Amino acid sequence: MKTAIYTRVSTTEQANEGVSLEAQLNKLRAYCQLNNMEVVKIIEDAGISAKNTNRAGYKKLMSLIAAKSIEAVVVYSLSRFSRSTKDTLEAIETMNNKQIAFHSFTEKIDTTSPTGRFFLTVLAGLGQLEREQTAERTKLALELKKSKNERYSGIAPFGYKFENGQIVKCEAEQRVIKSLKELREMGLTYKQIADKLNDRGLFNRNGGNWNKSTIYKALSKAA
């Protein structure tokens, strides 16, 4: 059975978990040998997250699947393949349509069996749930910092600045915001406000011209 091995690890994962591409590859080679699978392609995505499918190695793998150049795909774990339930299931569905088997070493998944396909769906769902829960916890933590006026990002919103880890008002920028609000209350569009500021030689924080997008952001953050 002609098989492609796919391995991936991000810089953070390797640092935190110690699972290198070489370690993954050694185990997957042994797995293929044990199951009489001929390795014809080894595809790696080094230092890349699995949050989306915009990965050179992943795209190369899917092109092999589309061309039906292989008969099986072996990965170290579902999280190494993708962290999105949607992306995982769509990829597996493509493989199934091409009659290409999918094996995940860590979860002991083999899509040639009904049981393997069932557990794949369950585990992929759990992976997506974990990612969403992590995102929610991060969001709540940032909101808490913001409510305490603590530093929660690298750049303070226009009208504010960081001092000793706290976010405080920047009086010069607050005066600009006051002017923006007054012009907005007069019925001017974001573009018209930007044009007025630029005509007066009043640059934004970065020393550049204002535009309708930067005016909108400044006002929305100040609201």
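Given the structure is predicted, the values throughout are model-derived calculations rather than measurements.

Draft legend 1. Quick look at the overall build of the protein chain. If you tally the helices and strands in the protein chain, you get nine helices and seven strands. Evaluated residue by residue, the protein chain yields a buried proportion of 35% over its 223 residues. Across the protein chain, every contact between residues at least 6 apart in sequence was considered, and the portion connecting residues at least 24 apart equals 56%. Per element, the accessible surface of the protein chain, about 13,400 Å² overall, is 51% carbon and sulfur.

Draft legend 2. The arrangement of a nonpolar patch on the surface in detail. Side chains of Phe-118, Phe-119 and Val-122 sit close together on the surface and give an oily, nonpolar patch of about 290 Å² of accessible area. Tracing the backbone shows Val-122 in helix α6 (residues 114-147).

Draft legend 3. Up close: the side chain of Ser-82. Note on placement: Ser-82 falls in the loop between α4 (78-81) and α5 (85-97). Using a relative accessible area of 5% as the deciding quantity, one classes Ser-82 as buried. If we ignore the near neighbours within four places in the chain, the residues touching Ser-82 are Ala-50, Arg-55, Asp-87 and Thr-88.

Draft legend 4. Representation of the packing of helix α7 (residues 171-185) against helix α8 (residues 190-199) in the model. α8 packs onto α7 with a crossing angle of 130 degrees between their chain directions and a minimal axis gap of 10 Å. Taken as axis vectors, α7 and α8 run oblique relative to one another. The way α7 lies across α8 gives a crossing that is right-handed. Residues Leu-180, Leu-183 and Arg-184 of α7 pack against Tyr-190, Ile-193, Lys-196 and Leu-197 of α8. For the contact of α7 with α8, the class distribution of residues is five nonpolar, no polar and two charged.

Draft legend 5. View of the pattern of salt bridges. In the structure shown here, the tally under the stated rule is one salt bridge. Here Lys-191 makes a salt bridge to Asp-195, at a shortest N to O gap of 3.2 Å. Highlighted residues: Lys-191 and Asp-195, both in helix α8, separated by four residues, approximately one helical turn. The exposure class assigned to Asp-195 is partly exposed, which follows from its relative accessible area of 33%.

Draft legend 6. Just the sheet that holds strand β3 (residues 72-75), in detail. The sheet built from five strands is open, its strands ordered β2-β1-β3-β4-β5 with mixed pairing. In this open sheet, the two edge strands, each paired with only one partner strand, are β2 (38-46) and β5 (109-110). Here strand β1 (residues 2-9) runs beside β3; their pairing, made up of four bridges, is parallel. Across the sheet, Ala-4 pairs through a bridge with Val-73, a residue of β3. Each of β1, β2, β3 and β4 (101-104) is contacted by helix α2 (residues 21-34), which is oriented at about 155 degrees to β1, the strand it contacts most.

Draft legend 7. Focus on α5. A rise of 1.5 Å per residue sets the reference length of α5, with its 13 residues, at 18 Å; its end C-alpha atoms lie 18 Å apart and thus fit the reference within 8%. For α5, every residue scored as buried is listed here: Thr-85, Asp-87, Thr-88, Ala-91, Ile-92 and Met-95. One or two steps after α5, the chain reaches Gln-99, where phi turns positive at roughly 60 degrees.

About the thresholds
Residues numbered from 1 in each chain as written. Predicted model: local features only at pLDDT ≥ 70, side-chain atom pairs only at ≥ 80, totals over all residues. Heavy atoms only, no water. Helix = DSSP H or I, 4+ residues; strand = E, 2+ residues; numbered from the N terminus. Buried < 20%, exposed > 50% of the residue type's maximum accessible area, 1.4 Å probe, protein only. Contact = heavy atoms within 4.5 Å. Areas by Shrake-Rupley, 256 points an atom, 1.4 Å probe, with all protein chains shown as cover. Patch = residues over 30% accessible without salt bridge, like charges linked within 9 Å, V, L, I, M, F, W, Y side chains within 5 Å. Salt bridge = Lys/Arg side-chain N within 4 Å of Asp/Glu carboxyl O. Axes fitted to C-alpha atoms, helices over the stretch in contact; angles between N-to-C directions. Parallel < 35°, antiparallel > 145°, perpendicular 65-115°, else oblique. Left-handed = near helix turned anticlockwise from the far one by under 90°. Nonpolar A, V, L, I, M, F, W, Y, C, P; charged D, E, K, R; others polar. Pairing = 2+ DSSP bridges. Expected span 1.5 Å × (residues − 1).

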